[in-house]
Amino acid sequence: MNPQRTSRGILVCVSGPSGVGKGTVIRRLRSLEPGILHSVSATTRPIRPGETDGVSYHFVSRTRFEEMIAEGEVLEYDEYCGNYYGTPAAPLEEAVSRGTAVVMDVTVPGSLAVLERMPDAVSVFLLPPSFEELRNRLMRRGTERPDEMEKRLEKARSELGKASLFDYVVTNDSVEAAAGLIQSILRAERSRYKRQAGIEETLIQTE
Ligand code: 5GP
């Protein structure tokens, strides 16, 4: 490939209410498109059983997180249900500049902050088939105490009202279908002229 044609990697921000299945859909998407990198966030929330530090999240103290904010080490951050969550800037910027697609799992304000800083990012809002199903999924997951679960459901109601601020809306009624749809979005986005500006000139010059 002509090195002049190496374009920036696409950044895909996926938001949606807690329990909608963002993690599962992103894992499936990455198995469909193994080249996609998942941005590992930093958080101050306690580690859950089955999670691995440095893989699921970078689990850090509040002091360390506040230091990361002060040092400008995070691209964006948000406080969600009493804990900080943020995207380490350096690995993401490095991946995008070498042409790697990166998928992020972030809160609604997180996606909006990324879009402001990186307007060429693509935003996807993942919807549950119904609010009842969202409650059932959170209950089945069983990772939160009942009071924390209620907080997340309350938050979900306000998040659902923000879907219109996103480029794409995908309903997660089946993981396979939702991941397939995001894969199609990614493929279509790669073909946008603005991401390949000048491609025809490169072809003419190398003829
Ligand atoms: P959980 O505690 O269920 O893993 O995540 C809670 C919420 O934090 C989810 O909505 C998830 O999308 C969001 N989140 C995870 N990482 C980040 C991040 O780096 N930045 C922001 N803004 N939100 C994040």
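Numbers given for residues are sequential positions, taken from 1 along each chain in its written order. With the structure being a predicted model, the display of local features is reserved for residues of pLDDT at least 70 and the display and counting of side-chain atom pairs for 80 or more, all residues being used for whole-chain, interface and lining totals. Each side-chain value is worked out from all heavy atoms of the structure, with water and hydrogens disregarded.

## Things to note about the sheet that holds strand β2 (residues 37-38)
- Reading across from one edge, β2-β7-β1-β8-β9 is the order of the 5 strands in this open sheet, with parallel pairing throughout. Only two strands of the sheet have a single partner each, and these edge strands are β2 and β9 (168-171).
- Pairing geometry for strand β8 (residues 122-127) and β9, over 4 bridges, is parallel. In the strand pairing of β9, L126 is matched with V170.
- Whether two residues are in contact is decided by their heavy atoms: any pair within 4.5 Å suffices. Each axis is a line fitted through C-alpha atoms, taken for helices only over the stretch in contact, and angles between the N-to-C directions span 0 to 180 degrees. Going along the chain from the N terminus, every DSSP run of H or I of four or more residues is numbered as a helix, and every run of E of two or more is numbered as a strand. Helix-sheet contacts for helix α4 (residues 108-117) involve β1 (11-15), β7 (102-105) and β8, and the interaxial angle to β1 is about 155°. DSSP calls a pair of strands paired once it identifies at least 2 bridges connecting them.

## Quick notes on the sheet that holds strand β3 (residues 42-43)
- Pairing is mixed in the open sheet, where 4 strands are placed in the order β4-β3-β6-β5. With partners counted over all chains shown, the strands left at the sheet margins are β4 (58-59) and β5 (74-80), one partner each.
- Bridge count between β5 and strand β6 (residues 83-88): 6 bridges; the pairing is antiparallel. If you follow V74 over to β6, its bridge partner there is P88.
- On top of the sheet, helix α2 (residues 62-70) reaches β3, β5 and β6; it is set at about 45° to β6, its chief contact.

## Regarding the site of the ligand
- Working definition: residue near molecule or strand if any one of its non-hydrogen atoms lies within 4 Å of it. Inspection of the region around the ligand gives 17 residues, with S41, R45, Y57, Y85 and D105 positioned closest.
- Think of a polar contact as two N or O atoms within 3.5 Å of one another; within protein, one of them needs to be a possible hydrogen donor and the other a possible acceptor, and neighboring residues in sequence only count if both atoms come from side chains. Note that an oxygen atom of the ligand is positioned 2.7 Å from one of the side-chain N or O atoms of S41.
- D105 has a polar side-chain atom sitting 2.4 Å from an oxygen atom of the ligand.
- All accessible areas in this document rest on Shrake-Rupley with a 1.4 Å probe, and a residue is counted as covered only by the protein chains that are shown. Burial of the ligand by the protein amounts to 95% of the accessible area it has alone, namely 520 Å².
- Grid spacing is 1 Å over the protein atoms alone, the probe is 1.4 Å, and a cavity is where that probe fits but cannot get out, while a pocket is an open set with protein on both sides within 12 Å along at least five of seven lines and lining residues have an atom within 4 Å of a point. Cavities and pockets are treated as containing a molecule whenever more than half of the molecule's atoms lie within 2 Å of their grid points. Counting atoms within 2 Å of the grid points, the majority share of the ligand lands in the largest pocket.
- Those elements giving two or more residues to the shell around the ligand turn out to be β5 and β6.
- Its residues placed into classes, the shell around the ligand shows 4 nonpolar, 5 polar and 8 charged. Residue classes follow a fixed rule: Ala, Val, Leu, Ile, Met, Phe, Trp, Tyr, Cys and Pro count as nonpolar, while Asp, Glu, Lys and Arg count as charged, and any other residue, Gly among them, counts as polar.

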